[in-house]
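What follows is each chain in one-letter form.
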Amino acid sequence: MTPVIRQEVLGLYRKIFRIAKKWQSASGQIEETMKEKEYIKNEARTLFRKNKNVTDPKLIKQCIEECEARVEIGLHYNIPYPRPIHLPPMGLAHKQGRTLRHQEKLRKISKPIYLKSHDEVS
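Residues numbered from 1 in each chain as written. Predicted model: local features only at pLDDT ≥ 70, side-chain atom pairs only at ≥ 80, totals over all residues. Heavy atoms only, no water.

1. Quick look at unusual backbone geometry
We note that Asn 78 has phi near 55°; this positive angle belongs to a residue other than glycine. Among the structural elements, Asn 78 can be located in the loop between helix H3 (57-77) and helix H4 (98-110). Exposure remark for Asn 78: the relative accessible area of 26% places this residue in the partly exposed category. (Helix = DSSP H or I, 4+ residues; strand = E, 2+ residues; numbered from the N terminus. Buried < 20%, exposed > 50% of the residue type's maximum accessible area, 1.4 Å probe, protein only.)

Structure, rendered in structure tokens:
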């Protein structure tokens with residue numbers, strides 16, 4: 001990892017913890033705020049530790065973009081958790097069969113890039 005990329009990654013890490021420090025939940029309740037602050041910190045620690053051995057510059061850049069997207073979306077919507085995937089209304093699928101497989105395929109295709117790491121961790 002080049003020193004420039006290292007500084008960028010460490011800057012993002014610090015930025016996330018600064019955001020967590022002054023985070024206020026949308027509900028304004030203290031318990032909810034504390035829970036969301038802890039979630040932000042734990043999510044950052046987990047994902048940064050998981051990716052600490054990544055050496056491919058393209059993959060590092062992709063992780064940085066994902067981090068920036070999640071931060072911006074979280075700040076914009078005031079929700080620290082990943083936003084749900086929005087799909088066209090299809091009704092409920094059966095437990096098995098073609099309809100369920102089709103819905104699973106649509107969900108996989110419609111996932112935003114910033115949720116890539118969330119699925120691997122959760």
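Following the structure, the description resumes.
2. Here's the deal with the environment of Ile 19
Positionally, Ile 19 belongs in helix H1 (residues 3-21). Since its relative accessible area comes to 13%, Ile 19 is described here as buried. Separated by 21 residues in the primary sequence, Ile 19 and Ile 40 place their C-alpha atoms 8.6 Å from one another. Contact partners of Ile 19, with chain neighbours within four places excluded, come to Val 71 and Leu 75. (Contact = heavy atoms within 4.5 Å.)

3. Some words on H3
Here H3 spans 30 Å end to end across 21 residues, near enough to the 30 Å set by a 1.5 Å rise per residue. By the burial criterion, the buried members of H3 are Ile 60, Ile 64, Glu 66, Cys 67, Arg 70, Val 71 and Gly 74. An end-on view of H3 places all buried positions within 160° of arc, on one side of the element. Seen from the buried face of H3, the exposed residues on the opposite side, beyond 90 degrees, are Pro 57, Lys 58 and His 76. (Expected span 1.5 Å × (residues − 1). Arc of directions from axis to C-beta.)

4. Re the side chain of Ser 25
Of note, Ser 25 is situated in the loop between H1 and helix H2 (30-50). On the accessibility criterion, Ser 25 (5% relative accessible area) is buried. A distance of 3.3 Å separates a polar atom in the side chain of Ser 25 from a polar atom in the side chain of Ser 27. There is a polar contact of 3.1 Å between the side chain of Ser 25 and the side chain of Thr 33. Excluding residues that lie within four positions of it along the chain, Ser 25 makes contacts with Glu 32, Thr 33, Glu 36 and Asn 78. (Polar contact = N/O pair within 3.5 Å; in protein donor to acceptor, adjacent residues only side chain to side chain.)

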